[in-house]
Amino acid sequence: MKETIKILYHSKEIEKLCYVDGKSDWIDLRAAEEVEMKAGDFRYIDLGISVELPKGYEMIIVPRSSTYKNFGILQPNSPGVVDESYSSDEDVIKMPALAMRDTVIHVNDRICQFRIVKHQPQIEFFEVEHLDGTARGGFGSTGKN
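Residues numbered from 1 in each chain as written. Predicted model: local features only at pLDDT ≥ 70, side-chain atom pairs only at ≥ 80, totals over all residues. Heavy atoms only, no water.

Asker: For the environment of Gly133, give the residues involved together with the corresponding values.
Answerer: With respect to the helices, strands and loops of the structure, Gly133 is situated in the segment after β11 (110-118). We classify Gly133 as exposed; its relative accessible area is 66%. Considered as a pair, Gly133 and Thr4 are 129 residues apart in the sequence and their alpha carbons are 41 Å apart. (Helix = DSSP H or I, 4+ residues; strand = E, 2+ residues; numbered from the N terminus. Buried < 20%, exposed > 50% of the residue type's maximum accessible area, 1.4 Å probe, protein only.)

Asker: Summarise the packing of aromatic side chains; cite the residues concerned and give the values.
Answerer: If you walk through the whole model with that rule in mind, you get one aromatic pair. Arranged with centres 5.3 Å apart and planes meeting at 80°, the rings of Phe42 and Tyr44 form a pair that is edge-to-face. For Phe42, a relative accessible area of 44% corresponds to the partly exposed category. The aromatic ring of Tyr9 is capped on one face by Lys16, whose charged end is 4.1 Å from the ring centroid. The ring of Tyr68 is capped by Arg101, whose NZ or CZ atom sits 6.0 Å from the centre of that ring. (Phe/Tyr/Trp six-rings, centres within 6.5 Å; stacked < 30°, edge-to-face > 60°. Lys NZ or Arg CZ within 6 Å of the ring centre and 35° of its normal.)

Asker: Give me the lowdown on unusual backbone geometry, citing residues and values where you can.
Answerer: Both trends apply: most residues other than glycine have a negative phi, and most peptide bonds are in trans. A cis amide bond, omega -5°, links Ser78 with the succeeding residue Pro79. The phi dihedral of Asn108 falls on the positive side, at around 85°, and the residue is not glycine. With respect to the helices and strands, Asn108 occurs in the loop between β10 (103-105) and β11.

Keep in mind that these numbers describe shape and distance, not what the molecule does.
Put into structure tokens, the structure is as follows:
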């Protein structure tokens, strides 16, 4: 079943949202403004859209895998979460960006991506004296191989 998401485009210059055929179920977001940043600068980059998500859903926004290589920016709050209450015309989606080097981002550059997911179900925690799993060596232990 397909869900419907209302979208308001604030820019006529950016391409409309769409799936990249056969490659991913993530959807790219594009810069809706020309941005010039110096190393160390922080700013919110306008992505040119507002959305009205269905009740019970949220949007998860992360940088594209090539964003750092191409533009030298990081998304400091990565991942970003937009819930269904952020749904008015004035609630414009933006990417927080920290420049690690001098950079220029042009209108329509694909800088981040999103997916829509259902809210996590309510979870009840059950305290135990030990867990039954086998030790894997701790956080970050998967190594380089």
